[in-house]
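# A closer look at the structure
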2 protein chains.
Amino acid sequence: MQKPILAKGTRDFNSEDLYKRNYIINIIRDNFSKFGFNPIETPSFERSETLLGKYGQEGERLIFKILKSGDFLKGIDGKDFKYSNLAPKIVDKALRYDLTVPFARYVVQNQNNINIPFKRYQIQNVWRADRPQKGRYREFLQCDADVIGSKSIMQEIDFISLFDSVFNDLNIEGCLIKINSRKLLLAICEINNCPDKFGILTNQLDKLDKSDLNVVKNNLIDNGLDKKIIDSLFEIIELSKNFNDNLEEIKLYFKSSEIGLEAISDIEYIFNYFSKNKLIKSNLVFDIGLARGIDYYTGVIFEVLPPETISLGSIAGGGRYDNLTEIFGLKNMSGIGISFGLDRLFLVMDELKLFPATSYNSVKILILNFGLSFSYDLIELANFLRSNNVNAEFYPDPIPLKKQLNYANNNDIPYVIFYGDEEKEKNCFNLKNMKTGIQEILNREDLIEILSGN
Amino acid sequence: MQKPILAKGTRDFNSEDLYKRNYIINIIRDNFSKFGFNPIETPSFERSETLLGKYGQEGERLIFKILKSGDFLKGIDGKDFKYSNLAPKIVDKALRYDLTVPFARYVVQNQNNINIPFKRYQIQNVWRADRPQKGRYREFLQCDADVIGSKSIMQEIDFISLFDSVFNDLNIEGCLIKINSRKLLLAICEINNCPDKFGILTNQLDKLDKSDLNVVKNNLIDNGLDKKIIDSLFEIIELSKNFNDNLEEIKLYFKSSEIGLEAISDIEYIFNYFSKNKLIKSNLVFDIGLARGIDYYTGVIFEVLPPETISLGSIAGGGRYDNLTEIFGLKNMSGIGISFGLDRLFLVMDELKLFPATSYNSVKILILNFGLSFSYDLIELANFLRSNNVNAEFYPDPIPLKKQLNYANNNDIPYVIFYGDEEKEKNCFNLKNMKTGIQEILNREDLIEILSGN
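The rules behind the values
Residues numbered from 1 in each chain as written. Chains lettered and ligands numbered in written order. Predicted model: local features only at pLDDT ≥ 70, side-chain atom pairs only at ≥ 80, totals over all residues. Heavy atoms only, no water. Helix = DSSP H or I, 4+ residues; strand = E, 2+ residues; numbered from the N terminus. Rg over C-alpha atoms; globule rule 2.2 N^0.38 Å. Buried < 20%, exposed > 50% of the residue type's maximum accessible area, 1.4 Å probe, protein only. Contact = heavy atoms within 4.5 Å. Areas by Shrake-Rupley, 256 points an atom, 1.4 Å probe, with all protein chains shown as cover. Lys, Arg positive; Asp, Glu negative; His and termini not counted. Charge placed at Lys NZ, Arg CZ, Asp CG, Glu CD. Least-squares fit on C-alpha atoms with pLDDT ≥ 70 in both. Salt bridge = Lys/Arg side-chain N within 4 Å of Asp/Glu carboxyl O. Polar contact = N/O pair within 3.5 Å; in protein donor to acceptor, adjacent residues only side chain to side chain. Nonpolar A, V, L, I, M, F, W, Y, C, P; charged D, E, K, R; others polar. Pairing = 2+ DSSP bridges. Axes fitted to C-alpha atoms, helices over the stretch in contact; angles between N-to-C directions. Core = buried A, V, L, I, M, F, W, Y, C linked by side-chain atoms within 4.5 Å. Phe/Tyr/Trp six-rings, centres within 6.5 Å; stacked < 30°, edge-to-face > 60°. Lys NZ or Arg CZ within 6 Å of the ring centre and 35° of its normal. Parallel < 35°, antiparallel > 145°, perpendicular 65-115°, else oblique. Left-handed = near helix turned anticlockwise from the far one by under 90°. Expected span 1.5 Å × (residues − 1).

## Observations concerning the overall build of chain A
Check the secondary structure of chain A and you find 17 helices and 16 strands. Computed over the C-alpha atoms, the radius of gyration of chain A is 29 Å, more than 25% above the 22 Å expected from 2.2 N^0.38 for a compact globule of 454 residues. With respect to the principal axes defined by its C-alpha atoms, chain A has extents near 95 × 65 × 45 Å. Taking all 454 residues of chain A together, 58% fall into the buried category. Contacts spanning at least 24 positions in sequence make up 69% of the contacts within chain A whose residues lie at least 6 apart. Entry remark: accessible area of chain A is about 19,300 Å², with carbon and sulfur atoms responsible for 46%. Mean positive and mean negative side-chain charge positions of chain A (56 and 62 charges, respectively) differ by 5 Å.

## Overview of the relation of the copies chain A and chain B
Relating the two copies of this chain is a rotation about some axis coupled with a shift parallel to it. Relative to chain B, chain A is turned by 180° and slid 0.0 Å along the rotation axis, the superposed coordinates differing by an RMSD of 0.1 Å. Both copies of the chain, as the preceding transformation shows, are related through a two-fold rotation axis. Using C-alpha coordinates, one finds that chain A approaches the rotation axis most closely at A:Ile66, a distance of 2.3 Å.

## Remarks on the interface of chain A and chain B
Across the boundary between the two partners, chain A contributes 109 residues, which contact 109 residues of chain B. Seen at the junction of chain A and chain B, the total is six salt bridges. The partner of B:Arg386 in a salt bridge is A:Asp158, with the nearest N and O atoms 2.8 Å apart. Where chain A meets chain B, there are 50 residue pairs in polar contact (both at pLDDT 80 or more). Examining the composition of the side of chain A that touches chain B, we find that seven residues originate from one element, helix H14 (residues 375-387) of chain A, more than from any other. The residue inventory of the side of chain A that touches chain B, partitioned by class, reads 51 nonpolar, 33 polar and 25 charged.

## Looking at the environment of B:Arg96
Residue and element names in this part refer to chain B. Along the chain, Arg-96 turns up in the loop between strand E4 (91-95) and helix H5 (100-109). Sequence spacing of Arg-96 and Ile-188 is 92 residues, and the spatial spacing of their C-alpha atoms is 34 Å. In this view, Arg-96 contacts Thr-42, Pro-43, Ser-44, Phe-45, Leu-51, Pro-102, Gln-124, Asn-125, Val-126 and Trp-127; residues no more than four positions away in its chain are not counted. A distance of 3.0 Å separates a polar atom in the side chain of Arg-96 from the backbone oxygen of Pro-43.

## Some details on the sheet that holds strand E15 (residues 429-433) of chain A
All names here are of chain A. Taken in spatial order, the five strands of this open sheet run E13-E12-E14-E15-E16, and their pairing is mixed. Bordering the open sheet on either side are strand E13 (392-394) and strand E16 (439-442), each of which pairs with just one other strand. Neighbouring strand axes in the sheet, compared pairwise and without regard to direction, differ in orientation by 25° on average. Pairing analysis gives three bridges linking strand E12 (residues 365-367) to E13, with the strands arranged parallel.

## Considering the nonpolar core
The nonpolar side chains of soluble globular proteins are, as a tendency, buried together. Core analysis: the biggest nonpolar cluster contains 103 residues, and A:Phe32, A:Ile179, A:Phe254, A:Phe286, A:Phe340, B:Leu385 and B:Ile417 have the highest contact counts within it. In terms of residue count, helix H6 (residues 154-170) of chain A provides more of this core than any other element does, nine residues in total. Not counting residues up to four positions away in its chain, the partners in contact with B:Leu385 are B:Ile365, B:Ile367, B:Val390, B:Ala392, B:Ile417, B:Leu447, B:Ile448 and B:Leu451. Counting residues in hydrophobic clusters, the runner-up holds 100 residues, among them A:Leu431, B:Leu185, B:Leu247 and B:Leu312.

## A look at the pattern of salt bridges
Following the criterion strictly, the structure yields 48 salt bridges over all chains and no others. Across the pair A:Asp350 and A:Lys20 runs a salt bridge, and its minimum N-O distance is 3.7 Å. With a gap of 330 residues between them, A:Asp350 in helix H13 (residues 342-351) and A:Lys20 in helix H1 (residues 15-34) connect regions that are remote in the sequence. For A:Asp350, a relative accessible area of 37% puts it in the partly exposed group. B:Lys426 is the salt-bridge partner of B:Glu422, the closest N and O atoms lying 3.3 Å from each other.

## Observations regarding the packing of aromatic side chains
Throughout the structure, instances matching the rule amount to 52 aromatic pairs over all chains. Measuring from centroid to centroid gives 5.7 Å for A:Phe37 and A:Phe159, while their planes differ by 35°, and the two rings are tilted. Of this pair, A:Phe37 sits in the loop between H1 and strand E1 (38-39) while A:Phe159 is found in helix H6, placing the two residues 122 residues apart along the sequence. For A:Phe159, a relative accessible area of 2% corresponds to the buried category. Ring geometry for B:Phe163 against B:Phe167: centres 6.5 Å apart, planes inclined by 5°, an arrangement best described as stacked. Taken together, the residues span about one helical turn, with B:Phe163 and B:Phe167 both in helix H6 (residues 154-170) at a distance of four residues. Exposure class is identical for B:Phe163 and B:Phe167. Each is buried. The structure contains a cluster of three or more aromatic residues connected by ring pairs, namely A:Phe32, A:Phe37, A:Tyr121, A:Phe159, A:Phe163, A:Phe167, A:Phe302 and A:Phe340. The ring of A:Phe13 carries the charged tip of A:Arg21 above its face, separated from the ring centre by 3.9 Å. When the ring centre of A:Phe234 is taken as reference, the NZ or CZ atom of A:Lys217 above it lies at 5.1 Å.

## Some points on unusual backbone geometry
Residues and elements named next belong to chain A. Backbone torsion omega between Ile-116 and Pro-117 reads -5°, so that peptide bond is classified as cis. Inspection of the secondary structure puts Pro-117 in the loop between helix H5 (100-109) and strand E5 (118-127). Positive phi, normally seen in glycine, also occurs at Asn-332, with a value near 55°. By secondary structure assignment, the location of Asn-332 is in the loop between strand E10 (316-321) and strand E11 (335-341).

## Notes on the sheet that holds E11(A)
Backbone-to-backbone hydrogen bonds pair the strands of a sheet. The strands run either parallel or antiparallel. All names here are of chain A. The strand order E1-E5-E6-E11-E10-E9-E7-E8 describes an open sheet built from eight strands, whose pairing is mixed. Two strands in the sheet have a free side with no partner beyond their single neighbour: E1 and strand E8 (283-286). Inspection of the sheet shows E1 paired to E5 by two bridges, in the parallel sense. Within the sheet, the bridge partner assigned to Pro-39 lies in E5 and is Tyr-121.

## Some details on the packing of H14(A) against helix H12 (residues 258-276) of chain B
Direction vectors running N to C along H14(A) and H12(B) enclose 50°, while the axes themselves pass 11 Å from each other. Considering their axes alone, H14(A) and H12(B) lie oblique with respect to each other. Two packed elements cross with a definite hand, and for H14(A) against H12(B) that hand is right-handed. Residues A:Ser375, A:Tyr376, A:Ile379, A:Glu380 and A:Asn383 of H14(A) form the contact with H12(B), whose own contacting residues are B:Tyr269, B:Asn272, B:Tyr273 and B:Lys276. Looking at the contact of H14(A) with H12(B) residue by residue, the class counts come to four nonpolar, three polar and two charged.

## As for H14(A)
When the terminal C-alpha atoms of H14(A) are compared, their 18 Å separation across 13 residues agrees well with the 18 Å that a helix rising 1.5 Å per residue should span. Looking only at H14(A), the buried set comprises A:Ser375, A:Tyr376, A:Leu378, A:Ile379, A:Leu381, A:Ala382, A:Asn383, A:Leu385 and A:Arg386.

## So, the pairing of strand E14 (residues 415-418) of chain A
All names here are of chain A. A two-sided burial pattern is seen for E14, the buried positions comprising Tyr-415 and Ile-417 on one face and Val-416 and Phe-418 on the other. Strand direction decides the pairing type here: E12 and E14, joined by three bridges, are parallel. Note that in E14 the partner of Leu-366 across the bridge is Val-416. Strand direction decides the pairing type here: E14 and E15, joined by four bridges, are antiparallel. Bridging across to E15, Val-416 finds its partner in Lys-432.

Rendered as structure tokens:
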């Protein structure tokens with residue numbers, strides 16, 4: 001006998017789970033459509049080389065690799081019995097780690113069949129061999145929207161509006177949309193004459209929400225950054241959080257860096273729009289300390305935190321990437337996109353009790369089974385109801401009535417039909433409303449009228 | 001530079017593909033609901049032992065295996081450098097091969113939280129390392145409905161009705177629903193004193209639709225079946241195809257086998273129903289030569305062929321399985337289910353030109369971009385339209401007008417808005433219908449009224 005258990009970090013979803021998940025997914029999908037995105041889908045696995053080398057060292061470790069089919073050791077020498085030698089020889093594909101890299105591959109592969117700027121959304125699973133914890137699984141659904149082929153900063157504003165519109169429709173009040181530009185992190189390294197420290201800087205800043213501030217500072221010192229640089233960095237980070245008040249001081253800090261001033265002007269353009277056109281349910285904040293862990297971002301980056309009362313990591317994120325399609329041979333295709341993590345949103349909705357209270361079971365009626373002599377009639381009646389758009393089922397076995405009624409109650413089925421000798425003789429149906437307990441004797445036409453209403 | 005190419009046997013789907021695929025999926029889903037099924041989902045990968053040993057030798061070969069994370073060779077001896085030794089040590093999970101085995105695992109694992117009989121549908125991808133060909137891919141979507149926990153033959157009838165109802169809603173005329181019972185194949189071995197030949201018999205009969213009849217016969221002889229037995233077998237197969245006419249003769253053939261007569265009586269019960277209640281769009285035929293390749297079937301089996309004009313393998317199938325949950329420790333849970341293969345249905349719909357002709361692009365309006373000084377207004381206008389349920393986008397860059405209009409045409413966007421100096425001054429919008437070419441000067445309220453209609 002085998003144990004019926006799940007693979008680590010994976011989940012089953014029952015009908016109630018799916019009802020709630022689809023509630024969120026449909027709102028996200030509707031908003032993607034409202035904002036002019038159309039769907040695409042890519043395969044669950046890609047050739048290894050499509051995925052490898054895109055996510056940084058830590059990301060790469062988390063990619064699930066698929067063994068070649070058949071005898072994967074055929075033609076391989078025993079000398080290769082070593083992880084680093086063997087892995088590339090016995091693996092040729094891997095499960096999708098995010099939706100952005102496959103999207104970049106898609107754009108290049110289909111460049112002659114798409115219209116630029118190309119706007120697409122993609123709602124699909126991704127897989128990461130991460131250590132499972134609250135809100136983090138090894139298989140999870142991402143909901144992404146991206147535009148590729150335009151550098152217009154109007155899109156940054158549009159994505160912030162999209163975040164807010166989704167939260168508004170989900171009725172989540174008080175999310176914090178943090179923005180920064182990776183160009184500012186580059187500029188900081190430029191200003192301080194340490195362009196080689198960009199990697200370690202983004203890497204450490206990305207740990208700020210999980211680690212102690214002093215640990216991050218010490219790590220930066222250990223990696224050769226001067227204490228003075230670090231102090232001024234954290235000063236400018238604090239100033240950035242009050243962008244409108246401290247704009248002049250921030251500009252002063254970046255005055256010697258062209259790329260820095262350019263990024264500040266982008267941020268200013270964004271903030272000016274939202275001081276005239278307020279967000280509905282969310283708050284926007286600039287934070288030079290925001291870095292994002294993923295390597296391919298080059299411009300404005302986003303990260304969204306749930307309302308303060310909920311202790312949970314980011315629920316959405318995104319950013320601009322200038323060179324992602326270049327790896328696949330297509331230059332000058334700046335892209336920008338965002339991603340909602342369904343599981344985190346689910347936890348937020350659940351904690352705030354924002355899911356509408358409706359039965360997830362769509363069955364309207366159970367036809368009770370009084371024995372073999374009625375069976376053809378029950379099947380025929382069920383099909384008659386279905387052809388009139390009533391979700392119907394019959395109980396498949398003539399077991400004691402009480403058990404059949406229990407089945408209806410446990411499944412939250414609102415109506416049952418009694419159809420026994422008397423009903424058969426009179427060609428009628430005894431309909432019981434399971435909530436009110438009221439029973440009525442009806443013919444076919446009345447039955448449809450009652451059941452297809454409300 | 002990396003080549004932007006797909007892994008073998010996988011596909012991207014663009015918006016038009018998805019529009020068509022979802023057209024079919026939604027009809028299947030609606031029918032599953034009408035027939036009383038609710039959705040569940042299981043993870044894409046399962047522990048290896050959950051999947052292995054369930055699909056027969058040929059099936060097992062096609063399962064995609066996922067490498068353990070990290071250094072998978074850690075603690076493994078160099079002596080194990082051999083396929084059969086190494087594979088079980090470096091692999092601990094595998095991609096879902098079908099939806100039925102994970103469903104059985106789900107039922108046993110959740111036996112205390114589900115109501116028996118348990119009806120569920122599941123629409124998810126499965127993966128098989130098969131040789132790709134027309135209508136066969138390595139990742140494909142299956143649409144399954146199953147009932148578990150009742151032996152009632154009423155369900156066999158219900159699933160046949162479900163097939164027909166789906167084909168009716170898809171408007172596919174003339175599918176052939178073939179049925180048989182695996183009990184009859186058992187009975188044939190029983191009658192002919194060769195109970196050990198059941199495996200080879202089902203295996204060879206399953207090849208009938210692909211192989212030459214004589215090849216199959218010779219294979220059976222080579223495997224030790226007597227020529228007389230084979231001749232009588234193919235005689236009874238031919239008789240079975242005219243069930244109503246040949247019922248007495250068929251009964252005579254099986255008269256010495258209790259299980260055989262039981263199965264014939266089940267088939268009779270099914271045929272009697274459908275001679276009183278005709279199928280709408282499909283044809284039902286009995287065929288003792290139908291075997292199905294999957295090991296777990298024990299009772300009635302189904303296979304559906306597309307209309308005769310289309311040369312393509314089966315588009316749906318299914319059957320009853322009595323012992324599937326037993327592997328996971330739960331006895332006496334007879335189940336029955338069916339599965340639609342989306343790709344084959346897609347090919348049928350495409351060949352018969354049954355997809356409705358509608359634009360897949362849901363964007364209603366493009367706001368043209370006349371320069372930076374209008375940009376905030378364009379974003380604001382787009383958001384105003386969206387908040388009134390109009391799918392809207394602005395062009396992100398102030399490129400020449402002709403190119404912007406080309407974008408609208410190429411994307412099949414029905415309306416554009418001109419908003420330049422004059423419009424800004426007068427606080428109005430110049431709306432152009434891209435099909436009629438008619439332009440109108442409108443205020444906000446009129447704009448919404450026109451765009452939210454039809």
